[in-house]
Amino acid sequence: CHIGWATSAHTARWVKWFADQGHDSRLITNEDKAEIDGVKTYVIPKRFEVESGPRWKRYMRLSFNIWRIQKMKYPMQRILWLRNLINKINPDIVHSHPLWYPGSLGVFVNCKNFVVTVMNGDVMYHHGKDASLGHHLMVMYAMRKAKLITGVSQTLLNAAQKHGASEKKTHVIR
């Protein structure tokens with residue numbers, strides 16, 4: 001079971017390769033128009049997204065955009081939805097590709113075999129004004145939880161090791 005962007009060339013190629021090898025390959029994504037041959041796709045419901053329509057329409061529906069409540073409510077709903085889906089699918093392996101949304105949701109599910117493929121921004125840019133403490137802590141947790149961490153360069157894997165990944169878990173794939 002892969003969690004990531006369906007329109008990403010990297011994710012699509014990865015998922016399709018497993019499907020072509022005869023594996024029961026599934027993809028959980030947040031993109032509606034996601035169809036890959038031989039892959040069962042699940043789309044994260046849009047009802048878990050923060051409402052961003054015109055303010056006057058939200059007031060007409062009495063749907064006030066209380067940012068602090070929505071900021072806590074919707075991520076929790078996404079995680080619970082995903083945990084229920086993963087329990088229903090019961091995959092052998094959960095693969096987050098990459099650790100940005102929606103791949104970051106894979107960190108919060110129960111699975112014996114959790115695999116992470118790190119991309120550039122996952123582990124490289126966690127310092128300076130654009131750093132998010134929440135994302136940094138989630139990446140550190142993912143590096144410790146994962147049974148296997150893959151990346152396309154040794155530089156990425158070295159950065160993953162700075163975030164707590166064991167050297168035995170990291171492997172370069174070309």
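Before reading further, recall that the structure is shown in the block above.
This section reports on the structure supplied with the text. (Residues numbered from 1 in each chain as written. Predicted model: local features only at pLDDT ≥ 70, side-chain atom pairs only at ≥ 80, totals over all residues. Heavy atoms only, no water.)

Things to note about the environment of Y42
Part 1: Within the element layout of this structure, Y42 appears in strand β3 (residues 40-43).
Part 2: Along the chain, Y42 and D32 lie ten residues apart, while their C-alpha atoms are 9.1 Å from each other.
Part 3: Once you skip the residues sitting within four places of it in the chain, Y42 turns out to touch R26, L27, I28, T29, W81, L85 and I89. (Helix = DSSP H or I, 4+ residues; strand = E, 2+ residues; numbered from the N terminus. Contact = heavy atoms within 4.5 Å.)

Some points on helix α6 (residues 154-162)
Part 1: All buried positions along α6 are accounted for by L156, L157, A159 and A160. Down the axis of α6, the smallest arc covering the buried residues is 155°, so these residues share one side.
Part 2: Elements in contact with the buried residues of α6: α4 (120-123), α5 (133-145), β6 (148-151) and β7 (170-172).
Part 3: Immediately beyond the C-terminal end of α6, within one or two residues, lies G164, with a positive phi of roughly 110°. (Buried < 20%, exposed > 50% of the residue type's maximum accessible area, 1.4 Å probe, protein only. Arc of directions from axis to C-beta.)

A word on helix α1 (residues 9-20)
Part 1: Given a rise of 1.5 Å per residue, twelve residues ought to cover 16 Å, and the 16 Å separating the end C-alpha atoms of α1 matches this to within 8%.
Part 2: For α1, the complete set of buried residues consists of T11, A12, V15 and A19. Down the axis of α1, the sector holding all buried residues measures 95°, keeping them to one side. Across from the buried face of α1, at angles greater than 90 degrees, the exposed residues are A9, R13 and D20.
Part 3: In this fold, the buried residues of α1 make contact with β1 (2-4), β2 (26-29) and β4 (94-97).
Part 4: Among the residues trailing α1, G22 stands out with phi positive, at a value near 100°. (Expected span 1.5 Å × (residues − 1).)

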